[in-house]
Amino acid sequence: MEKFQNPPLGWSISRSNLLHYCQKKYFFGYYGNWLQEFDQSFRLEYLLLKNIKSLDMWIGEKAHNLISDYLNIVANQQDFNKEQLVKQTFTIMDHEFNFSKNRDYTAYDKENKFGLSEHYYQIDIDQKYEDAKDKLEKRFDNFLNSSLHKQILCYLHSPNQRYIEPKEPDFEKMKVVVDNVPELLGITLWANPDFAVIVDSNKYIIYDWKTGRVPPYQDGEISDQLKVYAYKLLLNIGMEKIDDVQIYAWEVYLEDMSVFGGKIQTQDIMDIQDKIIEDVSLQKTFIQDGDIQKNIPINSIVFQRTNNKKKCHTCTYRKICDDLRHYEDV
């Protein structure tokens, strides 16, 4: 039987959220290959589900891609035609949606992995998809008509160093190995903002686009996601420079262009480092001997299912999670 070697244990805000959302879903997300210990066909079903996504998640990715395309057009001083860019985006989306709707979900196909979980579960989302496209264009308009957009144009037209998240993940740029904290030695931290700029060599500005509901944040509140971006930045340039640089980070909600965040303080960095240490300590309890290099999961039954039935109802892995009960109860 083929053996799998996971990469060394890593941490990201999405991985952390999944760990606390549902441990069983965390198992599927990061250790599903070990399902072949029950049955090889069981693992193939997992691979099929791992590579599909919900409509909402897919639309969120497309919103990020649309803004990334636009910012690159401006940064490269190319002509911008809003209607043309939106049309191109929708053409690609329509092709992918129709492929997902008509594909064969009875078997894993490593050459054609894309799909939407609603189609896998045979849920009609045609109208929801059309509504989502309308919302996507509206959010793009919100961005283009905002005062923030004007500020970003200034950054793009200046000689400042800047970073625009690519449409395809650049995994090398996303990761950094933490070696300055004994509890995190060898842990890979994964994070990348949507847009960043360096101003006057010691001032860093970070933006993260959000397509979900606007949270009940307080003015000036710094989310854990923003703290992670700042922490990774400091790991890259040297933690000893924490008092020599200014880092400003903002979450931008495209629904109404609400902006939350502000200047990152030293305490923010200490807080997120403590959170990562706490999470990694919990993550180690799920792997054999706590060995972060081998990163082999212990028995799947140890990963507890959430008691929140609403979470289960919308989970992409809900079918295979139910199937797994049979093997775990034996």
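Residues numbered from 1 in each chain as written. Predicted model: local features only at pLDDT ≥ 70, side-chain atom pairs only at ≥ 80, totals over all residues. Heavy atoms only, no water.

Engineer: So what's going on with the sheet that holds strand β1 (residues 10-11)? Residues and values would help.
Structural biologist: One open sheet holds the three strands; their spatial order is β1-β4-β3, and the pairing between them is mixed. Bordering the open sheet on either side are β1 and β3 (175-178), each of which pairs with just one other strand. Pairing of β3 with strand β4 (residues 187-190), which is carried by four bridges, proceeds in the antiparallel orientation. In the strand pairing of β4, V178 is matched with I187. Against the sheet, helix α10 (residues 224-237) makes contact with β1, β3 and β4, and its axis sits at roughly 70° relative to β3, the strand it touches most. (Pairing = 2+ DSSP bridges. Helix = DSSP H or I, 4+ residues; strand = E, 2+ residues; numbered from the N terminus. Contact = heavy atoms within 4.5 Å. Axes fitted to C-alpha atoms, helices over the stretch in contact; angles between N-to-C directions.)

Engineer: For the side chain of Q273, give the residues involved together with the corresponding values.
Structural biologist: Turning to its location among the elements, Q273 is positioned in helix α11 (residues 266-284). With relative accessibility at 12%, the residue Q273 sits in the buried group. If we skip the residues at most four places from it in the chain, Q273 touches N180, V181, Y231 and M239. (Buried < 20%, exposed > 50% of the residue type's maximum accessible area, 1.4 Å probe, protein only.)

Engineer: Account for the packing of helix α4 (residues 55-75) against helix α7 (residues 126-144), naming residues and giving values.
Structural biologist: Running from amino to carboxyl end, α4 crosses α7 at an angle of 35°, the nearest separation of the two axes being 10 Å. The chirality of how α4 crosses α7 is right-handed. Contacts between α4 and α7 pair L55, D56, W58, I59, K62, A63, L66, I67, Y70 and L71 from the former with K128, Y129, A132, L136, F140, F143 and L144 from the latter. Here the residues of the contact of α4 with α7 are counted per class, giving 14 nonpolar, no polar and three charged. (Left-handed = near helix turned anticlockwise from the far one by under 90°. Nonpolar A, V, L, I, M, F, W, Y, C, P; charged D, E, K, R; others polar.)

Engineer: How would you sum up the sheet that holds strand β2 (residues 161-164)? Please name residues and give values.
Structural biologist: Judged by pairing direction, the sheet is mixed, and its five strands sit side by side in the order β2-β5-β6-β7-β8 without closing on themselves. Only two strands of the sheet have a single neighbouring strand rather than two, namely β2 and β8 (258-263). Averaged over all adjacent pairs, the angle separating strand axes in this sheet is 10°, with direction ignored. Examined bridge by bridge, β2 and strand β5 (residues 195-199) share four bridges and lie antiparallel to one another. If you follow I164 over to β5, its bridge partner there is F195.

Engineer: An account of helix α8 (residues 147-156) is needed here, citing residue identities and associated values.
Structural biologist: Those residues of α8 not exposed but buried are L148, H149, I152, Y155 and L156. Buried residues in α8, looked at end-on, bunch into an arc of 110°, giving them a common side. Counted as exposed and oriented over 90 degrees from the buried face of α8: S147 and K150. Looking at the buried residues of α8, the elements they touch are α4, α7, β2, β5, β6 (203-210) and β7 (246-253). (Arc of directions from axis to C-beta.)

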